[in-house]
Amino acid sequence: MYYCIIGTDNPDSLSRRRQARGDHLARLHQLAEEGRLLTAGPFPVTDSEDPGEAGFAGSLIIARFTSLEDAEHWAAAEPYLSAGVYASVSVRPYLVVF
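To keep things clear, this report deals only with the structure shown in the data block. Nothing here was measured: the structure is a model prediction, and the numbers come from that model.

The rules behind each value
- Residues numbered from 1 in each chain as written.
- Predicted model: local features only at pLDDT ≥ 70, side-chain atom pairs only at ≥ 80, totals over all residues.
- Heavy atoms only, no water.
- Helix = DSSP H or I, 4+ residues; strand = E, 2+ residues; numbered from the N terminus.
- Rg over C-alpha atoms; globule rule 2.2 N^0.38 Å.
- Buried < 20%, exposed > 50% of the residue type's maximum accessible area, 1.4 Å probe, protein only.
- Contact = heavy atoms within 4.5 Å.
- Patch = residues over 30% accessible without salt bridge, like charges linked within 9 Å, V, L, I, M, F, W, Y side chains within 5 Å.
- Areas by Shrake-Rupley, 256 points an atom, 1.4 Å probe, with all protein chains shown as cover.
- Salt bridge = Lys/Arg side-chain N within 4 Å of Asp/Glu carboxyl O.
- Pairing = 2+ DSSP bridges.
- Axes fitted to C-alpha atoms, helices over the stretch in contact; angles between N-to-C directions.

## Digging into the overall build of the chain
If you tally the helices and strands in the chain, you get three helices and four strands. Along its sequence from the N terminus, the chain presents helices and strands in the succession β-α-β-β-α-α-β. The globule rule puts the C-alpha radius of gyration for 98 residues at 13 Å, and the 13 Å found for the chain is close to it. In terms of its C-alpha atoms, the chain occupies a principal-axis envelope of roughly 35 × 30 × 25 Å. The buried share of the chain, taken over its 98 residues, is 32%. Of the contacts formed within the chain by residues at least 6 apart in sequence, a portion of 74% connects residues at least 24 apart.

## Some thoughts on a nonpolar patch on the surface
A grouping of M1, L95, V97 and F98 is seen on the molecular surface, where their side chains present a nonpolar patch of about 570 Å² in accessible area. Inspection of the secondary structure puts F98 in the segment after β4 (86-94). Residue F98 is classed as exposed on the basis of its relative accessible area of 92%.

## Concerning the sheet that holds strand β3 (residues 56-64)
Taken in spatial order, the four strands line up as β2-β3-β1-β4 in an open sheet, and their pairing is antiparallel. Here the strands that pair on one side only, and so sit at the sheet edges, are β2 (37-44) and β4. On average, adjacent strands in this sheet sit at an angle of 15° to one another, irrespective of strand direction. In this sheet, β4 lies alongside strand β1 (residues 2-9) in antiparallel orientation, the contact comprising eight bridges.

Shown next as structure tokens:
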């Protein structure tokens, strides 16, 4: 089943986001290589593909896991969480319709 992992950024976390981005992307690439990643990306603070120094409000990852517990365990090891980028992370089951 797919699960949505939604990270909500701390205020002024852009520099921490930039520092942890390599580790964050490496985990996403692993999911993609395993055929488990549906989509992933950030929420820009502004209505722009390049928000610049305004930064991001959070991120969305939709990926396949064996269970909610497995998805929560994966999300708990997110580099953006340990680097202080995310203030919180939520995980919810997701059904692909289209």
